[in-house]
Amino acid sequence: RSVVTAASSSPAVAAVATDVPGTMKAWAYEEYGDASVLKLDEAVSVPAVGEDQVLVRVAAAALNPVDSKRRMGKFKATDSPLPTVPGYDMAGVVVKVGSQVKNLKEGDEVYGHISEKVLEGPKQFGSLAEYTAVEEKLVALKPKSIDFAQAAGLPLAIETAHEGLERAGFSAGKSILVLGGAGGVGTLVIQLAKQVYGASTVAATASTPKLELLKSLGADVAIDYTKDNFEDMPEKYDVVFDAVGQGEKAVKVVKEGGSVVVLTGAVASPGFRFVVTSDGSVLAKLNPYLESGKVKPVVDPKGPFPFSQVVEAFSYLETGRATGKVVISPV
Ligand code: NDP
């Protein structure tokens, strides 16, 4: 690849850009496929910074199932062109700001989900890289009480949890069943429902070893899906939030007039599916809850994985057994 350097003949430009090299290490793939298509490239051009963007020195990144689905070519029709540097989630330090950036400056510690839309034209140069360029509106200042690894795991999952609860019209006093309570999204749906929205009852499903985690996050009822079928139980909920792909069963336990949010798989009436939109203002709104510890990031204890082990980290995520977020740190 060609090395793009900022006008090195001009001393003025060189002076502001001295800390940012022309090339960086990044994980990339040139063809769709399983995790083995990922290669560590030592000389990818550092992305150019648009006028509404900041360049972030990535300290930590996190993986999402959508990274895997995209790499498998499931969204080929609307994807960015190959080669791809994958990764939506990151936390790091602003090292450059575009001319129209209003509220961020060099040195700010930020976190965010870097592609406004995950499926339609996601960024070609993602967060599994030493540097990534992202619109100011998609990021927020990192809560001081959490570290980069914890922050990196939050954006896509917490924005999905928040958007799903909003779209379902969730509010204080309502009950909710979270399918997939121990995953990246589920751990945050439980906490937001309980701590931010004031749910009356939060129930969630997981396998036996993860039931204690569900309770520690605020679930009133932890259902062991290896022993009980939630759809055969008598309880009905105002909202069912399906992060597993059980849309047809989910509608059996919703109250009349209630909502069923489906993130993946089949949708049955009255369920609905949506695709998350990245929005830094959601992170900013939730920051006080993160700062105070009312809402806690859950980082999978098998990680954080070092940057050299992104392939191993993806293979682990793709077992479907991760607890909370699979995080890459340090980058
Ligand atoms: P994760 O990989 O973090 O989920 C893993 C978790 O799922 C594990 O803890 C596992 O627990 C749990 N799980 C697996 N099977 C079941 C089951 N039958 N019942 C209960 N829990 C189960 O995924 P995410 O949370 O990040 O994402 C979940 C899904 O939502 C993915 O398909 C993802 O692509 C999609 N998604 C869609 C979005 C959208 O905008 N539409 C946005 C974000 C995610 P255990 O080991 O106990 O089985």
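Here, every reference points to the structure presented above.
Residues numbered from 1 in each chain as written. Predicted model: local features only at pLDDT ≥ 70, side-chain atom pairs only at ≥ 80, totals over all residues. Heavy atoms only, no water.

S.K.: Whenever I open this one, the overall build of the chain confuses me. Can you help?
M.R.: On a plain count of helices and strands, the chain comes out with nine helices and 14 strands. Each of the three principal axes of the chain carries a C-alpha extent, and together these read 75 × 40 × 35 Å. Burial statistics for the chain: of 331 residues in total, 54% are counted as buried. Partitioning the intrachain contacts of the chain with sequence separation of at least 6 by distance along the chain shows that 68% fall at a separation of at least 24. Between the mean site of the 34 positive side-chain charges and the mean site of the 39 negative ones, the chain shows a separation of 3 Å. (Helix = DSSP H or I, 4+ residues; strand = E, 2+ residues; numbered from the N terminus. Buried < 20%, exposed > 50% of the residue type's maximum accessible area, 1.4 Å probe, protein only. Contact = heavy atoms within 4.5 Å. Lys, Arg positive; Asp, Glu negative; His and termini not counted. Charge placed at Lys NZ, Arg CZ, Asp CG, Glu CD.)

S.K.: Would you mind showing me how to read the site of the ligand here?
M.R.: Close contacts around the ligand come from 27 residues, with Lys-69, Ser-207, Lys-210, Tyr-225 and Ala-322 the closest. Taking Leu-263, its main chain carries an N or O atom lying 3.2 Å from a nitrogen atom of the ligand. Between Ala-322 and the ligand, the recorded distance is 2.5 Å, taken from a backbone N or O atom to an oxygen atom. When the ligand is considered free in solution it has 930 Å² of accessible area, and contact with the protein chains removes 88% of it. (Near = heavy atom within 4 Å. Polar contact = N/O pair within 3.5 Å; in protein donor to acceptor, adjacent residues only side chain to side chain. Areas by Shrake-Rupley, 256 points an atom, 1.4 Å probe, with all protein chains shown as cover.)

S.K.: Which parts of the structure should I look at to understand the environment of Val-276?
M.R.: When you line up the elements, Val-276 lands in the loop between β13 (271-273) and α8 (280-292). With 118 residues separating them along the chain, Val-276 and Ile-158 place their C-alpha atoms 10.0 Å apart. Excluding its chain neighbours within four sequence positions, the residues that come into contact with Val-276 are His-113, Glu-116, Val-118, Leu-156, Glu-159, Thr-160 and Glu-163.

S.K.: What should I look at first to understand the packing of aromatic side chains in this one?
M.R.: Between two aromatic rings, the relevant description is the distance of the centres plus the angle of the planes. A full pass over the atoms with the stated rule returns four aromatic pairs. Seen from their ring centres, Tyr-29 and Tyr-32 are 6.4 Å apart, and the 50° between their planes marks the pair as tilted. A residue is classified by how much of its surface remains accessible, and Tyr-29, at 1% relative accessible area, is buried. Residue Tyr-32 is classed as partly exposed on the basis of its relative accessible area, which comes to 21%. Relative to Tyr-316, the ring of Phe-305 lies with its centre 6.3 Å away and its plane at 40°, an arrangement referred to as tilted. Here the residue Phe-305 occupies a position in the loop between α8 and α9 (310-317), and Tyr-316 occupies one in helix α9, the gap between them amounting to eleven residues. Each of the two residues, Phe-305 as well as Tyr-316, counts as buried. A cation sits over an aromatic face here: Arg-57 above Tyr-131, 5.5 Å from the ring centre. (Phe/Tyr/Trp six-rings, centres within 6.5 Å; stacked < 30°, edge-to-face > 60°. Lys NZ or Arg CZ within 6 Å of the ring centre and 35° of its normal.)

S.K.: What am I meant to see in the pattern of salt bridges here?
M.R.: Note on pairing: side chains with opposite charge can pair once their charged atoms come close. Scanning the entire structure with this criterion turns up twelve salt bridges. Glu-135 serves as the salt-bridge partner of Lys-123, at 2.6 Å between the closest nitrogen and oxygen. With Lys-123 in the loop between β5 (109-113) and β6 (131-135) and Glu-135 in strand β6, this pair connects stretches of sequence that are twelve residues apart. For the pair Lys-123 and Glu-135, a shared accessibility class is recorded, and that class is buried. A salt bridge links Asp-220 to Lys-194; the nearest nitrogen and oxygen atoms lie 2.9 Å apart. Taken together, the residues span a long stretch of sequence, with Asp-220 in the loop between α6 (211-216) and β10 (221-224) and Lys-194 in helix α5 (residues 184-196) at a distance of 26 residues. What makes Asp-220 partly exposed here is its relative accessible area of 36%. With a relative accessible area of 24%, Lys-194 lands in the partly exposed category. (Salt bridge = Lys/Arg side-chain N within 4 Å of Asp/Glu carboxyl O.)

S.K.: What should I look at first to understand the packing of helix α4 (residues 155-167) against α5 in this one?
M.R.: Each pair of packed helices can be described by the angle between their axes along with the distance between the axes. Direction vectors running N to C along α4 and α5 enclose 50°, while the axes themselves pass 8 Å from each other. The angle between α4 and α5 places the two elements in the oblique class. Crossing geometry of α4 relative to α5 is assigned as right-handed. Counting all contacts with α4, which are made through Ala-157, Ile-158, Thr-160, Ala-161, His-162 and Leu-165, the residues of α5 involved are Gly-184, Val-185, Leu-188, Val-189, Leu-192 and Ala-193. Of the residues assigned to the contact of α4 with α5, the class counts are nine nonpolar, three polar and no charged. (Axes fitted to C-alpha atoms, helices over the stretch in contact; angles between N-to-C directions. Parallel < 35°, antiparallel > 145°, perpendicular 65-115°, else oblique. Left-handed = near helix turned anticlockwise from the far one by under 90°. Nonpolar A, V, L, I, M, F, W, Y, C, P; charged D, E, K, R; others polar.)

S.K.: Help me out: how do you make sense of the sheet that holds β13 in this one?
M.R.: Strand pairing in a sheet takes place through backbone hydrogen bonds and is either antiparallel or parallel in direction. The six strands lie next to each other as β10-β9-β8-β11-β12-β13, forming an open sheet whose pairing is parallel. Whereas interior strands pair on both sides, the edge strands pair on one side only; in this sheet they are β10 and β13. Averaged over all pairs of adjacent strands, the angle between strand axes in this sheet comes to 20°, irrespective of strand direction. Looking at chain direction, strand β9 (residues 201-206) and β10 are connected through four bridges and run parallel. For Ala-203, the partnering residue across the bridge sits in β10 and is Val-221. Against the sheet, α4 engages β8 (175-179), β11 (237-242), β12 (254-262) and β13, with an angle of about 145° to β11. α5 contacts β8, β9 and β11 of the sheet and is inclined by roughly 170° relative to β8. (Pairing = 2+ DSSP bridges.)

S.K.: Can you help me understand the side chain of Arg-71 in this one?
M.R.: Within the secondary structure, Arg-71 sits in helix α2 (residues 65-71). Apart from residues no more than four positions distant in its own chain, Arg-71 is found in contact with Tyr-29, Tyr-32, Gly-33, Asp-34, Ala-35, Val-37, Leu-38, Phe-314 and Glu-318.

S.K.: Even after reading the chapter, I still don't get the pairing of strand β3 (residues 53-62), so can you show me in this structure?
M.R.: Two faces, one strand: in a regular strand the side chains alternate between the faces of the sheet. β3 sits mainly inside the fold: eight of its ten residues count as buried. Sheet analysis places β3 next to β6, joined by five bridges and oriented antiparallel. Residue pairing for β6: Gln-53 is matched across the bridge by Glu-135. Pairing geometry for β3 and strand β4 (residues 89-97), over eight bridges, is antiparallel. Within the sheet, the bridge partner assigned to Val-54 lies in β4 and is Val-97.

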